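A closer look at the structure
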Amino acid sequence: MISPITKKTAVKIKKLEIQGARNIAIAALRAIEETARKSKAKTMGAFLKEMKQNCEVLVKSRPTEPAMRNGLNYVVKKLSNTKHVSDAKGLVRKGCEEYITLMEHAVEKIAEIGSRRIKDGDTIMTHCHSSTVMGIIKKAWKDGKKINVICTETRPRFQGRITAKELVSFGIPTTMIVDSAARYVMNDVDLLIVGADAVTADSFIVNKIGTSQIMLAAKEARTMSCCACETFKFDPVTLSGEWETIEERDPKEVWENPPKGLKIFNPAFDFTPPQLVNFMITELGIITPYETGMIILERYGKVV
Ligand code: RUB
C-alpha cells in the first residue's frame, strides 16, 4: 500500500516544491519513516513489501537522485535480519535519523572546507540552487569575507531566484544574470561553485542543465571551478556501467502555449566531464573528480 505521506511527498518532489538533491533525500526519508510508523502490516513479509513499494514511488519521482536512492537503500538494508514488525519500525526510524544526521554533518563539513577556498574580495558564481553551495558561501560571509556572488536565473524553473533571495536576505551582494550571460561575465569570476545531483564512477558530475556549459566557459577563461557535493550523491550503480538517467521534464515548463508542431526538449540535468572541474569539495575533504570511482568502490564494493 502506498501511504498518503509517500504520495504527497512524491508529488511535491515531482513539482519541484521540494528541490535540490539533499532536500529531496531528506523529504523521502521522512516520508518512509512516517510510512513505517503508521504501517498496519502484521507480518515482516507484508511490512517489507510495503516499504519497497513506497521506496519505489519516491525513487521514481525524480530518477536522477542517488542521494535519495542511497538513503532509502541504507534504511531498507537494515531490515534484512529482522523478525518482528515492531523491531523493524524502530530500525527504519533509526536508519532515517542516522542518514539525515550524516547528511547534515556532511554539509556543515563541506561549508567549513569550502569557505577556506574563498578569499576576501572574491567574486563567486553559482548556478541553480544548491543548499550545499549556499552553506559554503554563507560560511565565508559569516567569517567576514567581503564577497560578491553572481547567480544565474536557471531557466526554465528559475531556481536561481531561490538562491538570489537567500543570498540577499543574508546581506550578501548578489547579481543575477540570465543563463546565457555566464560566459560574458566569466572573466570577473574568481571561483565558480556548483552543486551536484549525482556523481558517476567515471567522474562525471550531473547537475542542473547548463552546468557543463558554464564549467566550459570557466575552463576557457581559466577561472577556478569546483563542485560541492556530499559523497552520498556518488552513484554506486554507475560502477557497473549503468548510465545515470537524465530526467526529462514537461515541455510546458519551457513554453506554456507553443505553436503547433514545435518539439520542445527539456532535460533537467547535464553531465560535466572531469577535465572541466578543478576540484570537488566533499565532506571527506578536497578531491579531484578522478577519485570518485575509488570512493564508490571502497564504500559499496565490487560488483560481482
Ligand atoms: C537542483 C540542483 C542542485 C543539486 C544540489 O536541481 O541541480 O545543484 O540538486 O543541491 P533541481 P543540494 O532544482 O531540479 O532539484 O546541494 O541542495 O543537494
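Each chain has its residues counted from 1, running along the sequence as written. With pLDDT at 70 or above as the cut-off, local features in this predicted model cover only qualifying residues; side-chain atom pairs require 80 or more to be listed or tallied, and sums for whole chains, interfaces and linings still use all residues. Side-chain numbers here rest on the full set of heavy atoms in the structure, without hydrogens or water.

**Re the pairing of strand β2 (residues 148–152)**
For a regular strand, side chains alternate in direction, first toward one face of the sheet and then toward the other. Where burial is concerned, most of β2 is hidden: 4 out of the 5 residues are buried. Each pair of strands is called paired provided DSSP finds at least two bridges between the two strands. Here a strand is any run of E in DSSP of at least two residues, a helix any run of H or I of at least four, and the numbering for each starts at the N terminus. By the bridge criterion, 4 bridges tie strand β1 (residues 123–126) to β2 in an arrangement that is parallel. By the bridge assignment for β2, Met125 is matched with Ile150. With helix α6 (residues 131–142) bridging β1 and its parallel neighbour β2, the resulting β-α-β unit is right-handed. Pairing between β2 and strand β3 (residues 174–177): 4 bridges, direction parallel. Note on β3: the bridge partner recorded for Thr152 is Ile177. Three labels apply to residues, based on accessible area from a 1.4 Å probe with only protein chains included: buried if under 20% of the type maximum, exposed if over 50%, partly exposed otherwise in between. Orienting the strands away from the viewer, one traces the path from the first strand over the helix to the second; a clockwise path indicates a right-handed crossover.

**With respect to the sheet that holds strand β6 (residues 205–208)**
Ordered by their spatial adjacency, 3 strands build an open sheet running β5-β6-β8, and the pairing between neighbours is antiparallel. Of all strands in the sheet, those bounded by a partner on one side alone are β5 (198–199) and β8 (269–272). Residue contacts are counted whenever heavy atoms from the two residues lie within 4.5 Å of one another. Note on method: axes are straight lines fitted to C-alpha atoms, helices fitted across the in-contact stretch only, with angles between N-to-C directions ranging 0 to 180 degrees. The sheet strands contacting helix α9 (residues 211–221) are β6 and β8, and the helix crosses β8 at an angle near 35°.

**Some points on empty space enclosed by the protein**
The way it works is a 1 Å grid over only the protein atoms, where trapped points that fit a 1.4 Å probe form a cavity and open points with protein on both sides within 12 Å along at least five of seven lines form a pocket, and then any residue with an atom within 4 Å of a point lines it. Grid points are joined across faces, edges and corners, and a volume is the space filled by probe spheres set on the points. In the structure shown here, the tally under the stated rule is 2 cavities of 30 Å³ or more. As for the largest cavity, its lining consists of 21 residues, of which Gly20, Ala21, His129, Asp197 and Asn207 are closest to the centre. Put simply, the parts of the chain that give the lining of the largest cavity at least two residues each are α2 (21–38), α6 and β6. Partitioned by chemical class, the residues of the lining of the largest cavity number 5 nonpolar, 10 polar and 6 charged. As annotated, the domain borders come from an automatic or database domain assignment. Counting contributing residues per domain, the lining of the largest cavity is built from domain 1 (4–108) and domain 2 (116–300), each supplying no fewer than three. Lining the second largest cavity are Leu16, Pro156, Arg157, Gln159, Lys208, Ile209, Arg249, Glu253, Asn266, Pro267 and Ala268. Gly counts as polar in this scheme, as do all residues outside two lists: the nonpolar Ala, Val, Leu, Ile, Met, Phe, Trp, Tyr, Cys and Pro, and the charged Asp, Glu, Lys and Arg.

**Details of the pattern of salt bridges**
Criterion for a salt bridge: a side-chain nitrogen of Lys or Arg within 4 Å of a carboxyl oxygen of Asp or Glu. Under the definition given, this model contains 18 salt bridges. Where Glu56 meets Lys60, a salt bridge forms, and the shortest distance between an N and an O atom there is 3.5 Å. Taken together, the positions of Glu56 and Lys60, both in helix α3 (residues 44–61) and 4 residues apart, correspond to about one turn of that helix. The exposure class of Glu56 is partly exposed, given its relative accessible area of 46%. Owing to a relative accessible area of 60%, Lys60 belongs among the exposed residues under this scheme. Ionic pairing is found between Arg249 and Glu253, a salt bridge with its closest N-O pair at 2.8 Å. Given a relative accessible area of 11%, Arg249 falls into the buried group. One connected set of salt bridges, linked through shared partners, spans Arg62, Arg157, Glu247, Arg249 and Glu253.

**Thoughts on the site of the ligand**
As a structural note, the neighbourhood of the ligand is formed by 18 residues, with Gln19, Ser130, Ser131, Thr132 and Asn207 the closest of them. One of the side-chain N or O atoms of Ser131 is found 2.6 Å from an oxygen atom in the ligand. Nitrogen and oxygen atoms within 3.5 Å of one another constitute a polar contact, given that in protein one can donate a hydrogen and the other can accept it, and given that sequence-neighbouring residues count only through two side-chain atoms. Between an oxygen atom of the ligand and a side-chain N or O atom of Lys233, the distance comes to 2.8 Å. To be clear on the numbers: accessible area is Shrake-Rupley with a 1.4 Å probe, and residue cover counts the displayed protein chains and nothing else. When the ligand sits alone it has 460 Å² of accessible area, and the protein chains cover 100% of it. Near, as used in this document, describes a residue that has one of its heavy atoms within 4 Å of the molecule or strand being considered.

**Quick look at the domain arrangement of the chain**
On domain assignment, one finds that the chain holds domain 1 (4–108) and domain 2 (116–300). Taking the mean C-alpha position of each, domain 1 and domain 2 sit 26 Å from one another. Listed per partner, the contact involves 19 residues of domain 1 and 27 residues of domain 2. By convention, the term buried area covers the 1.4 Å-probe accessible surface removed from two parts as they join, with the contributions of both added. Of the roughly 1,800 Å² buried where domain 1 meets domain 2, counting both sides, 52% is carbon and sulfur surface. Between the two partners, domain 1 and domain 2, sit 3 salt bridges. The partner of Glu247 in a salt bridge is Arg62, with the nearest N and O atoms 2.9 Å apart. Sorting the residues of the side of domain 1 that touches domain 2 by element identifies α2, α4 (66–77) and α5 (85–115) as the ones contributing at least two each. Of the residues forming the side of domain 1 that touches domain 2, the biggest block, 5 residues, is contributed by α5.

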